[in-house]
Amino acid sequence: MWFMFALLTAFAWGGADLFYKKGSDSDDRFSHIKIVIMVGLVMGIHATVYMLVKGISFDPIDLLRYSPVSALYILSMTIGYIGLRYMELSIASPVQNSSGAVTSILLFIFFTHKLGVVEVLGVTIITLGVIGIAILEKAAEQRALKAGSEQIDKKYQIGMMAIMFPILYCIIDGLGTFADGIYLDELKLISQDSALLAYEFTFFLCAVLAYTYLKFVKKQSFHLFKERVKGYAAIFETIGQFFYVFAMSSNAIIAAPLIASYSIFSVVLSRIFLKERLTKMQYAVIILVIIGIALLGIADEL
C-alpha cells in the first residue's frame with residue numbers, strides 16, 4: 001500500500017503547490033506568514049477531528065518526541081513559501097523537491113538496504129527528471145529574457161537570493177524526511193497516528209504564534225474568509241500529509257523520491273492554470289518521470 005499512499009501524497013501536494021503559488025503575493029511581505037496560519041489552522045482542525053473519530057488517545061509528550069522532524073519540516077515549508085513570492089513554481093518546486101534524492105542517499109548510507117535493479121532505475125529516473133525540469137525551465141526563461149520577446153512578471157525575476165530559498169528548502173526538507181524515515185520506518189520510534197497528530201498539532205501551534213505576531217506585533221489585518229486560495233492550498237497540504245505518514249512508514253528510501261515527484265504534477269498544473277511555459281523537452285522529461293514512477297509500481301508488485 002505504500003506505493004498508493006505515496007502517489008496520493010504526490011497528487012495532493014502537486015495541487016497544494018499550485019494554490020501556494022496563486023496565494024503568494026510579491027507585494028505582500030507577510031504573505032508567507034498568512035500561508036503558515038492557514039496551513040496550521042487546517043491541520044489543527046484535521047488532527048482534532050481525526051483523533052476524535054478514531055478514538056485516539058494522544059500523548060502530548062509526542063509533540064516533544066517528534067519535534068526534531070516537525071521543526072525541520074515547518075522551517076523548510078516556511079522558506080518555501082517565501083521563495084514562491086520570487087520564483088516561478090515550475091523552477092522552485094523541482095529544485096525544492098530534489099530533497100527526495102537527499103533523503104534516499106542518507107538512508108542508503110546510514111542504514112542497510114538492498115535495492116533491486118528496477119527500484120534503483122526508477123529512483124534514478126525520477127530524481128534526474130525532477131532536477132532536469134528545473135534546468136530546462138531556467139534555460140527557457142533566460143532565452144526569453146535575452147530575446148526580449150516577453151515581459152517577465154517582477155515576482156518571477158531570479159536572483160541569487162531568490163534561488164537560495166528553494167536550495168535551502170531542498171537541504172532542510174531532505175534532512176527532515178531523513179529524520180522521518182528513521183522515526184517511522186527504520187527505528188519505529190513513533191506510531192503513524194502519533195506522528196501525524198504531533199506534526200499537525202505542532203503546525204497549529206506555529207499558526208497561533210504566527211497569527212499573534214501578525215496581528216499584535218505587526219498590526220496587520222487577517223481576514224480568514226478572504227484567504228480562500230491559501231485555504232485550498234492548506235487543504236491539499238493536509239491531505240498529502242495524511243497519506244505521507246503512511247507511505248513513509250513502510251518503505252521510506254523509495255517513497256521519499258517518489259513523493260518528491262509531486263513537483264512534476266505541480267509543473268503540469270502550473271502550465272494549465274498559471275500559464276507557465278513548457279517546452280517539448282520538458283514534456284519529454286515529465287513522461288520520463290512518469291515511466292520512473294511506473295517502474296517503482298512494478299517493483300512494488302514483484
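Residues numbered from 1 in each chain as written. Predicted model: local features only at pLDDT ≥ 70, side-chain atom pairs only at ≥ 80, totals over all residues. Heavy atoms only, no water.

Colleague: So what about the overall build of the protein chain? Which residues, and what values?
Modeller: Summing up its helical and strand segments, the protein chain has 12 helices and zero strands in all. Sequence-ordered secondary structure for the protein chain, helices as α and strands as β, is α-α-α-α-α-α-α-α-α-α-α-α. Per-residue burial over the protein chain gives 57% buried out of 302 residues. About 13600 Å² of surface is accessible on the protein chain, with carbon and sulfur atoms providing 70% of the total. (Helix = DSSP H or I, 4+ residues; strand = E, 2+ residues; numbered from the N terminus. Buried < 20%, exposed > 50% of the residue type's maximum accessible area, 1.4 Å probe, protein only. Areas by Shrake-Rupley, 256 points an atom, 1.4 Å probe, with all protein chains shown as cover.)

Colleague: With reference to specific residues and values, describe the packing of helix α11 (residues 262–273) against helix α12 (residues 280–301).
Modeller: Helix packing for two helices is described by the angle between their axes and how far apart those axes are. For the pair α11 and α12, interaxial distance at closest approach is 10 Å and the crossing angle is 145°. The crossing of α11 and α12 is left-handed. Here Ile264, Phe265, Val267, Val268 and Arg271 of α11 come into contact with α12, specifically with Tyr283, Ile286, Val289 and Ile293. For the contact of α11 with α12, the class distribution of residues is eight nonpolar, no polar and one charged. (Axes fitted to C-alpha atoms, helices over the stretch in contact; angles between N-to-C directions. Left-handed = near helix turned anticlockwise from the far one by under 90°. Contact = heavy atoms within 4.5 Å. Nonpolar A, V, L, I, M, F, W, Y, C, P; charged D, E, K, R; others polar.)

Colleague: Break down the pattern of salt bridges for me, with residues and values.
Modeller: One pass over the full model with this rule turns up five salt bridges. Here arginine 65 makes a salt bridge to aspartate 62, at a shortest N to O gap of 2.0 Å. Of the two residues, arginine 65 and aspartate 62 are both situated in helix α3 (residues 61–65); the distance of three residues between them amounts to about one turn of the helix. The class of aspartate 62 is buried, set by a relative accessible area of 6%. Notably, a salt bridge pairs glutamate 227 with lysine 230, separated by 2.9 Å at the nearest N-O pair. In terms of burial, glutamate 227 and lysine 230 fall into one category: buried. (Salt bridge = Lys/Arg side-chain N within 4 Å of Asp/Glu carboxyl O.)

Colleague: Describe a nonpolar patch on the surface, naming the residues involved and giving the relevant values.
Modeller: Residues Met164, Ile167, Leu168, Ile171 and Leu175 make up a contiguous nonpolar surface patch of roughly 370 Å² in combined accessible area. Position of isoleucine 167 among the secondary structure elements: in helix α8 (residues 160–186). Isoleucine 167 gets classed as partly exposed once you look at its relative accessible area, which sits at 34%. (Patch = residues over 30% accessible without salt bridge, like charges linked within 9 Å, V, L, I, M, F, W, Y side chains within 5 Å.)

Colleague: I'd like to hear about α11, residue by residue, with values.
Modeller: Relative to the 16 Å expected for 12 residues at 1.5 Å per residue, α11 spans 16 Å between its end C-alpha atoms, a close match to the ideal helical length. Along α11, the residues that are buried comprise Tyr262, Ser263, Ile264, Ser266, Val267 and Ser270. Positioned one or two residues after α11, lysine 275 has a phi angle of 60°, which is positive. (Expected span 1.5 Å × (residues − 1).)

Colleague: Account for the nonpolar core, naming residues and giving values.
Modeller: Grouped together as the largest cluster of nonpolar side chains are 78 residues, with contacts concentrated most on Tyr20, Tyr66, Phe203, Leu258 and Ile259. Of the residues forming this core, the biggest block, 15 residues, is contributed by helix α10 (residues 228–260). Those residues in contact with leucine 258 that lie beyond four places of it in its chain are Trp2, Phe3, Ala6, Leu7, Ala10, Ile126, Ile293 and Leu296. (Core = buried A, V, L, I, M, F, W, Y, C linked by side-chain atoms within 4.5 Å.)

Colleague: Now, about the packing of helix α9 (residues 192–217) against α10: what can you tell me, with residues and values included?
Modeller: Where α9 contacts α10, the two axes come as close as 10 Å, and the packing angle between them is 145°. Relative to α10, α9 is oriented so that their crossing is right-handed. Along its contact with α9, which presents Gln192, Asp193, Ala195, Leu196, Tyr199 and Glu200, the element α10 presents Thr238, Gln241, Phe242, Val245, Phe246 and Ser249. A breakdown of the residues in the contact of α9 with α10 according to their chemical character gives six nonpolar, four polar and two charged.

Colleague: Before we move on, could you go through the packing of aromatic side chains and cite the residues and values that matter?
Modeller: Evaluation of the coordinates by the stated rule reveals 19 aromatic pairs. Centroid distance tyrosine 20 to tyrosine 81: 4.8 Å. Interplanar angle 50°. Geometry classified as tilted. With a gap of 61 residues between them, tyrosine 20 in helix α1 (residues 2–23) and tyrosine 81 in helix α4 (residues 67–83) connect regions that are remote in the sequence. For the pair tyrosine 20 and tyrosine 81, a shared accessibility class is recorded, and that class is buried. Where tyrosine 73 meets tyrosine 244, the ring centres are 5.9 Å apart and the plane angle is 80°; that geometry is what we call edge-to-face. Of the two residues, tyrosine 73 is situated in helix α4 and tyrosine 244 in helix α10; the sequence distance between them amounts to 171 residues. The exposure class of tyrosine 73 is buried, given its relative accessible area of 5%. Connected via pairs of aromatic rings, a cluster forms that spans Trp13, Tyr73, Tyr199, Phe203, Tyr244 and Tyr262. (Phe/Tyr/Trp six-rings, centres within 6.5 Å; stacked < 30°, edge-to-face > 60°.)

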